[in-house]
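Inside the fold
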Protein chains: 2
Amino acid sequence: MNALPDEELATRVWRGMRGLVVDRHERRKEVCEALGMSFVRVKALRLVAAGPLTLRRLAEQLTTDPPYTTVVVADLERRGLVERAPHPGDRRAKIVSITPEGVRAAELAERILGTPPAALLALDPADLDALDRVITRLLAT
Amino acid sequence: MNALPDEELATRVWRGMRGLVVDRHERRKEVCEALGMSFVRVKALRLVAAGPLTLRRLAEQLTTDPPYTTVVVADLERRGLVERAPHPGDRRAKIVSITPEGVRAAELAERILGTPPAALLALDPADLDALDRVITRLLAT
DNA sequence: TTCATTAGTTGCACTATTACAACGGTACGC
DNA sequence: GCGTACCGTTGTAATAGTGCAACTAATGAA
């Protein structure tokens, strides 16, 4: 309950990061337009691109239910970006994996989403380095 | 075209920040559930809470078209969270402003969205300080 | 005044999202 | 083998988001 200075500072930092990423440099629409699909599909595509996974696991990562995940995957499959294969060890399950064309689409998405804003590029090298060090540490958690 | 080390570093930092904010600690669902409304409405509410603005301007900030903005504002008004008043200088325009109840709802949203993740709270004070310094600089741009 | 422009609104159409029920096929403990 | 639990799918339905056309009211320039 006691708002220690550190907690306040962390809050300020968090809101700042959120402001930069979400409020100022949201690229959802851009990437959706570029790939010609809704954002859930982009998200699913990127998850599959990161490595094959079962449909249920994909549903969890998308925080949607299995039925809708089926719809999304079916759509991506129709586009030739992913494919479904039976799970070797469990014939109930299916493995969703990326196709070569899917890799290209996912790379495009990454390129759009991953391009740093001008302010970051213009940052003092020392600051950028400090940022990199701390962010890396945070991600390691 | 030439990928300077700094540009690569900026890209890595940006992707890291995005990963933290968007991929790991997305709070959209949480805040939508808490306020009982869709995310566009939350976004609109927060924008109005930041200061009264014309409906057109709100539409721009939401990156939606005026018709849908009307729908969203009408819904927020029905909930008693915002109100529409004629623009003093331009009788075509309307000013959307927050109500006391809207302020409370917006504060709840801010509290949910603005709560830093555990990893950030657990960060070394020196790192947190460095982060704060650079983020602040970035936001000043 | 006239006319093009702008702000907001209403209505319509279409797609996307989300949840829920139910089903067939499979796995696994008993 | 049996029953239970699980995986993916289909179907249904409700809500949300998006774009477009058309309309009213008001502005402002020629």
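Residues numbered from 1 in each chain as written. Chains lettered and ligands numbered in written order. Predicted model: local features only at pLDDT ≥ 70, side-chain atom pairs only at ≥ 80, totals over all residues. Heavy atoms only, no water.

Going by an unreviewed UniProt entry, chain A carries the name MarR family winged helix-turn-helix transcriptional regulator and comes from Microtetraspora malaysiensis.

**Considering the UniProt feature "domain: HTH marR-type" (unreviewed entry) in chain A**
As annotated by UniProt and renumbered to match this structure, "domain: HTH marR-type" (unreviewed entry) occupies residues 6–140 of chain A. Between the first and last C-alpha atoms of residues 6–140 of chain A the distance is 20 Å; the span itself is 70% helix and 9% strand. (UniProt positions renumbered as here; feature names shortened; annotations may be inferred. Helix = DSSP H or I, 4+ residues; strand = E, 2+ residues; numbered from the N terminus.)

**Focus: the pattern of salt bridges**
A full pass over the atoms with the stated rule returns 26 salt bridges over all chains. Salt-bridge contacts for Asp75 of chain A lead to Arg41 of chain A; the nearest nitrogen and oxygen are separated by 2.6 Å. Residue Asp75 of chain A is found in helix α5 (residues 66–78), and its partner Arg41 of chain A is found in helix α3 (residues 39–49); the two are separated by 34 residues along the sequence. Both residues of the pair, Asp75 of chain A and Arg41 of chain A, count as buried. The residue Asp127 of chain A makes a salt bridge to Arg133 of chain B at a minimum N-O spacing of 3.2 Å. Of this pair, Asp127 of chain A sits in helix α8 (residues 125–140) while Arg133 of chain B sits in helix α8 (residues 125–140), placing the two residues on different chains. Look at Asp127 of chain A and you get buried, because its relative accessible area is 5%. Arg133 of chain B sits in the partly exposed class, given a relative accessible area of 37%. Connected via shared salt-bridge partners are Glu26 and Arg28 of chain A together with Glu26 and Arg28 of chain B. (Salt bridge = Lys/Arg side-chain N within 4 Å of Asp/Glu carboxyl O. Buried < 20%, exposed > 50% of the residue type's maximum accessible area, 1.4 Å probe, protein only.)

**With respect to helix α4 (residues 55–62) of chain A**
All names here are of chain A. What α4 keeps buried is the set Leu55, Leu58, Ala59 and Leu62. Burial along α4 is one-sided: seen end-on, the buried residues are contained in an arc of 105°. For α4, the secondary structure elements touched by its buried residues are α3, β1 (53–54), α5, β2 (82–86) and β3 (94–98). Phi for Thr63, located one or two positions after α4, is positive at around 50°. (Arc of directions from axis to C-beta. Contact = heavy atoms within 4.5 Å.)

**Some details on helix α6 (residues 100–114) of chain B**
Spanning 15 residues, α6 of chain B covers 20 Å between terminal C-alpha atoms, matching the ideal 21 Å at 1.5 Å per step. Along α6 of chain B, the positions that sit buried rather than exposed are Gly102, Ala105, Ala106, Ala109, Ile112, Leu113 and Gly114 of chain B. Buried-residue contacts for α6 of chain B involve α1 (5–24) of chain A together with α2 (28–35), α3 (39–49) and β3 (94–98) of chain B. (Expected span 1.5 Å × (residues − 1).)

**Regarding the interface of chain B and chain A**
On the side of chain A, 48 residues touch chain B, which itself brings 48 residues to the contact. At the boundary of chain B with chain A, total buried surface from both sides reaches about 4,900 Å², with 66% on carbon and sulfur atoms. For the pair chain B and chain A, the interface holds 10 salt bridges. Among the ionic pairs, Asp132 of chain A bridges to Arg12 of chain B, the shortest N-O distance being 2.5 Å. At the boundary of chain B and chain A, one finds 18 residue pairs in polar contact (both at pLDDT 80 or more). Looking at the side of chain B that touches chain A, the elements that each hand over two or more residues are α1 (5–24), α2, α6, α7 (118–121) and α8 of chain B. Of the residues forming the side of chain B that touches chain A, the biggest block, 17 residues, is contributed by α1 of chain B. Looking at the side of chain B that touches chain A, its residues break down into 22 nonpolar, seven polar and 19 charged. (Buried area = accessible area lost by both parts, 1.4 Å probe. Polar contact = N/O pair within 3.5 Å; in protein donor to acceptor, adjacent residues only side chain to side chain. Nonpolar A, V, L, I, M, F, W, Y, C, P; charged D, E, K, R; others polar.)

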